[in-house]
Amino acid sequence: RHHGVNATLVRLGPGESMASHVNDEVDVLLVGVAGSGVVHVDDDERTIKPGSLTLVRRGSRRSITAGTEPFGYLSIHSERSGPTIRGRTVKKEGT
């Protein structure tokens, strides 16, 4: 069976964040492409900026928050089986 790679460009506005969640299916590589942001992986905090790479292991809890300017990153992982489109909660700082 052929397994592909999924790459998604995620864009967050200044101060927006992806809610904390756990992915139990695949390891995920985050690649910064614009602006900067902070990813919390379990108890570790890492800054993502253009060209930086962060590996998030399967089963880790993560959340991502944009800095003071628009933030873009690629989320890259092996293809999952079956439909995987899910809503993510994006919050503005202070809400």
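Up top is the structure these notes are about.
Overview of the structure.

Here's the deal with the environment of Gly32
- Tracing the chain through its elements places Gly32 in strand E3 (residues 28–34).
- For Gly32, a relative accessible area of 5% puts it in the buried group.
- Along the chain, Gly32 and Gly51 lie 19 residues apart, while their C-alpha atoms are 5.4 Å from each other.
- If sequence neighbours within four positions are ignored, Gly32 has contacts with Ile48, Lys49, Pro50, Gly51, Ser52, Gly72 and Tyr73.

Looking at the pattern of salt bridges
- One pass over the full model with this rule turns up two salt bridges.
- Across the salt bridge formed by Arg57 and Asp27, the nearest N and O atoms sit 3.3 Å from each other. Of the two residues, Arg57 sits in the loop between strand E6 (53–56) and strand E7 (61–66) while Asp27 sits in the loop between strand E2 (17–22) and E3, which places them 30 residues apart along the sequence.
- Owing to a relative accessible area of 34%, Asp27 belongs among the partly exposed residues under this scheme.
- In this structure, the salt-bridge partner of Asp44 is Arg46, at a minimum N-O distance of 2.7 Å.

What to know about the side chain of Asn23
- Within the fold, Asn23 resides in the loop between E2 and E3.
- Among the residues examined, Asn23 registers a relative accessible area of 7% and is labelled buried.
- At a separation of 2.7 Å, a polar atom in the side chain of Asn23 contacts the main-chain amide nitrogen of Glu25.
- Of the polar contacts made by the side chain of Asn23, one reaches the backbone nitrogen of Val26; its length is 3.4 Å.

Conventions adopted
- Residues numbered from 1 in each chain as written.
- Predicted model: local features only at pLDDT ≥ 70, side-chain atom pairs only at ≥ 80, totals over all residues.
- Heavy atoms only, no water.
- Helix = DSSP H or I, 4+ residues; strand = E, 2+ residues; numbered from the N terminus.
- Buried < 20%, exposed > 50% of the residue type's maximum accessible area, 1.4 Å probe, protein only.
- Contact = heavy atoms within 4.5 Å.
- Salt bridge = Lys/Arg side-chain N within 4 Å of Asp/Glu carboxyl O.
- Polar contact = N/O pair within 3.5 Å; in protein donor to acceptor, adjacent residues only side chain to side chain.

Remember, this is a structural readout, not a statement about activity or role.
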